[in-house]
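Summary of structural features
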Amino acid sequence: MSTGGVQSLQRAFDLLERLADAGGEASLSELASTSGLPLPTIHRLIRTLVTLGYVRQNSNRRYTLGSRLIRLGETASRQYGTWARPFLSQLVDSVEETANLAVLDGDEVVYVAQVPSKHSMRMFTEVGRRLLPHGTGVGKAMLSQLPRDEVRALLERTGLPAYTSNTITDAAELLDSLDEIAERGYALDESEQELGVRCIAVPVVGGPALAAVSVSGPEGRLTKDAVSRILPEVLAVAKRLADRAS
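Below: a short report on this structure. Everything quoted here is computed from the prediction, not taken from an experiment.

Turning our eyes to something else, we now look at the packing of helix α6 (residues 148–158) against helix α7 (residues 171–184). Packing of α6 against α7 brings their axes to within 11 Å, and their N-to-C directions diverge by 140 degrees. Viewed along their axes, α6 and α7 adopt a mutual orientation that is oblique. Both α6 and α7 take part in a crossing whose hand is right-handed. Between α6, through Arg-148, Val-151, Arg-152 and Leu-155, and α7, the contact on the second element is made entirely by Ala-171, Leu-174, Leu-175, Leu-178, Asp-179 and Ala-182. Its residues placed into classes, the contact of α6 with α7 shows seven nonpolar, no polar and three charged.

Written out as structure tokens, the structure is:
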């Protein structure tokens, strides 16, 4: 492939990622502003992506991610979850609670892998389940890695509905908590998504997608002392996942 062809390919993928960063929809001028590319270049690349089905033009002349990306994303997520399962299994053997891997897909958290604990009373989240990130440990861990203006834009699109009475529903409070999470390196879900459940989540930094690994269990077993004991194990698995993916 020629250098020009490689550059066009790089630019096309960059535009797809910028569309995703914008919440899945943007105008040509917005893409020009964020990418720094000339409008004629963006128009040529976008028209090619539209023809291929990877981008769609709305009636308001704004561009959105196309449906052809769904199959690629779903397959990639399944593969990511498949090769991550042995790491999650090691984590479950070590901490004896359920381990999960989730990615941020658009504005939602998607669980792509889970290994349940061997306890009869255990947490179960089906693979493929989608939730808004503000009410989950994995979601908050991932949001802590994003620029705050991107987080604000996401929250404006999704709102902050309450999953339980403990869910953070104030944007300013959530943003403050994300700063704390980024500083300490992990997030906690204190019955924010499901009452009686505690979750500790760590972002997978440098992986193929914005992701987080978590351990969840009933509050009676996953006590504050247990969280302190489990945290180093979760941090280690998150690092191994990141190293394997890089």
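Once you've had a look at it, read on.
In this structure, Leu-91, Leu-101, Ile-200, Val-204, Val-213, Val-234 and Leu-241 are the most contacted members of the largest nonpolar core, which totals 32 residues. Elements represented by at least two residues in this core include exactly α4 (68–95), β4 (98–105), β5 (108–115), β8 (197–204), β9 (211–218) and α8 (224–245). A per-element tally of this core places α8 first, with nine residues. When residues no more than four places from it in sequence are discounted, the contact partners of Leu-91 are Glu-96, Ala-99, Val-213, Val-215, Glu-233, Val-234 and Val-237. If you look at the next biggest cluster of nonpolar residues, it comprises 22 residues, including Ala-141, Leu-143, Val-151 and Ile-168.

On to the side chain of Lys-140, then. Its place among the elements puts Lys-140 in helix α5 (residues 137–143). The buried category is assigned to Lys-140, whose relative accessible area is 3%. Ignoring sequence-local partners within four residues, the contact set of Lys-140 consists of Pro-133, His-134, Leu-174, Leu-178, Ile-181, Ala-187, Leu-188 and Glu-192.

The rules we used
- Residues numbered from 1 in each chain as written.
- Predicted model: local features only at pLDDT ≥ 70, side-chain atom pairs only at ≥ 80, totals over all residues.
- Heavy atoms only, no water.
- Axes fitted to C-alpha atoms, helices over the stretch in contact; angles between N-to-C directions.
- Helix = DSSP H or I, 4+ residues; strand = E, 2+ residues; numbered from the N terminus.
- Parallel < 35°, antiparallel > 145°, perpendicular 65-115°, else oblique.
- Left-handed = near helix turned anticlockwise from the far one by under 90°.
- Contact = heavy atoms within 4.5 Å.
- Nonpolar A, V, L, I, M, F, W, Y, C, P; charged D, E, K, R; others polar.
- Core = buried A, V, L, I, M, F, W, Y, C linked by side-chain atoms within 4.5 Å.
- Buried < 20%, exposed > 50% of the residue type's maximum accessible area, 1.4 Å probe, protein only.

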